[in-house]
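If you want the building blocks of each chain, they are given just below.
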Amino acid sequence: MIVQYHRQFKSDLLKLKDRKTKTTIISLIELLKSSNEIHSIPNIKKLKAYTNAYRAKIGIYRIGILRFEDTILLARLKKRNDIYKLFP
């Protein structure tokens, strides 16, 4: 799949200080690039109220993901308390 990054996701990732979480996020991005189906990736679930919104769970952080056919847009990276206020 084609993976694109929203500017807010990039700034959220730069603000993150935990190295272990950053390496986990990078490995998730590589897995997204090599995968053909988003449902086969662990820790990614579809948000019920939206047709193309997903979330990835990494420790206490959540990644907001939007899917458009064969393109995936990584939109936000926030703690679990804040992500659903900002995404989608």
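Right, let's walk through the structure included here. These figures come from a predicted structure and were not determined experimentally. (Residues numbered from 1 in each chain as written. Predicted model: local features only at pLDDT ≥ 70, side-chain atom pairs only at ≥ 80, totals over all residues. Heavy atoms only, no water.)

Right, let's talk about the overall build of the protein chain for a bit. For the protein chain, the count of helices and strands is three helices and five strands. Tracing the protein chain from N to C terminus, the helices and strands come up as β-α-α-β-β-β-β-α. Since a compact globule built from 88 residues should have a radius of gyration of about 12 Å, the 12 Å found for the protein chain is in line with a globular shape. Expressed as lengths along the three principal axes of its C-alpha atoms, the size of the protein chain is roughly 30 × 25 × 25 Å. Residues classed as buried in the protein chain amount to 40% of the 88 residues present. A fraction of 45% describes how many contacts in the protein chain between residues 6 or more apart in sequence connect residues 24 or more apart. (Helix = DSSP H or I, 4+ residues; strand = E, 2+ residues; numbered from the N terminus. Rg over C-alpha atoms; globule rule 2.2 N^0.38 Å. Buried < 20%, exposed > 50% of the residue type's maximum accessible area, 1.4 Å probe, protein only. Contact = heavy atoms within 4.5 Å.)

Right, let's get into the nonpolar core. Counting residues in hydrophobic clusters, the biggest one holds 20 residues, and the most contacted among them are Ile25, Leu32, Ile38, Ile44, Ile63, Ile65 and Leu74. Where this core is concerned, the elements lending two or more residues are α2 (19–34), β3 (53–58), β4 (61–68) and β5 (71–79). Sequence-distant contacts of Ile38, defined by excluding residues within four places in its chain, comprise Met1, Leu32, Ile44, Tyr54, Ile65, Arg67 and Ile72. (Core = buried A, V, L, I, M, F, W, Y, C linked by side-chain atoms within 4.5 Å.)

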